[in-house]
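Inside the fold
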Amino acid sequence: MKIAVSSTGGSINALVEERFGRASCYVLVDSETMRFGLASNPSTTAQRGAGTQGARLVHEQGATVV
């Protein structure tokens with residue numbers, strides 16, 4: 001299972017961002033292998049729809065849990 005966590009920075013050690021749609025990036029963790037990747041969030045400054053766009057991004061990356 002791939003898990004997406006909203007993050008304040010581009011590192012596995014960054015803090016969790018409380019605002020999902022405004023997170024600078026998402027940490028994607030495979031719970032079976034514990035491998036991780038990062039996905040930059042281009043919609044951090046979107047006027048509206050940042051949460052929807054963030055959800056679409058992590059879905060496209062294969063995340064099934066947020």
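Rules and cut-offs
- Residues numbered from 1 in each chain as written.
- Predicted model: local features only at pLDDT ≥ 70, side-chain atom pairs only at ≥ 80, totals over all residues.
- Heavy atoms only, no water.
- Pairing = 2+ DSSP bridges.
- Helix = DSSP H or I, 4+ residues; strand = E, 2+ residues; numbered from the N terminus.
- Axes fitted to C-alpha atoms, helices over the stretch in contact; angles between N-to-C directions.
- Contact = heavy atoms within 4.5 Å.
- pLDDT = per-residue confidence, 0-100.
- Patch = residues over 30% accessible without salt bridge, like charges linked within 9 Å, V, L, I, M, F, W, Y side chains within 5 Å.
- Areas by Shrake-Rupley, 256 points an atom, 1.4 Å probe, with all protein chains shown as cover.
- Salt bridge = Lys/Arg side-chain N within 4 Å of Asp/Glu carboxyl O.
- Buried < 20%, exposed > 50% of the residue type's maximum accessible area, 1.4 Å probe, protein only.

Let's shift gears to the sheet that holds strand 1 (residues 2–7). An order of 1-2-3 is seen for the 3 strands of this open sheet, with the pairing classed as antiparallel. Single-partner strands in this sheet number two, and they are strand 1 and strand 3 (36–40). Within the sheet, the average angular offset between the axes of one strand and its neighbour, ignoring direction, is 25°. Taken together, the 5 bridges between strand 2 (residues 25–30) and strand 3 define a ladder with antiparallel strand orientation. By the bridge assignment, Leu 28 is partnered in strand 3 with Gly 37. The strands touched by helix 1 (residues 50–60) within the sheet are strand 1, strand 2 and strand 3, with strand 2 carrying the most contacts at an inclination of about 30°.

All right, on to the confidence of the model for the protein then. The predicted model of the protein averages 93 in pLDDT, with 100% of residues at 70 or higher. Within the protein, the lowest mean pLDDT, 93, falls on strand 3, and the highest, 96, falls on strand 1.

Relative to the helices and strands, Ser 6 is located in strand 1. Non-local contacts of Ser 6, meaning those with residues more than four positions away in its chain, are made with Leu 15, Val 16, Glu 17, Phe 20, Ala 23, Cys 25 and Tyr 26.

A grouping of Ile 12, Phe 36 and Leu 38 is seen on the molecular surface, where their side chains present a nonpolar patch of about 270 Å² in accessible area. Tracing the sequence through the fold places Leu 38 in strand 3. Taking relative accessible area as the criterion, Leu 38 reaches 41% and is therefore assigned partly exposed.

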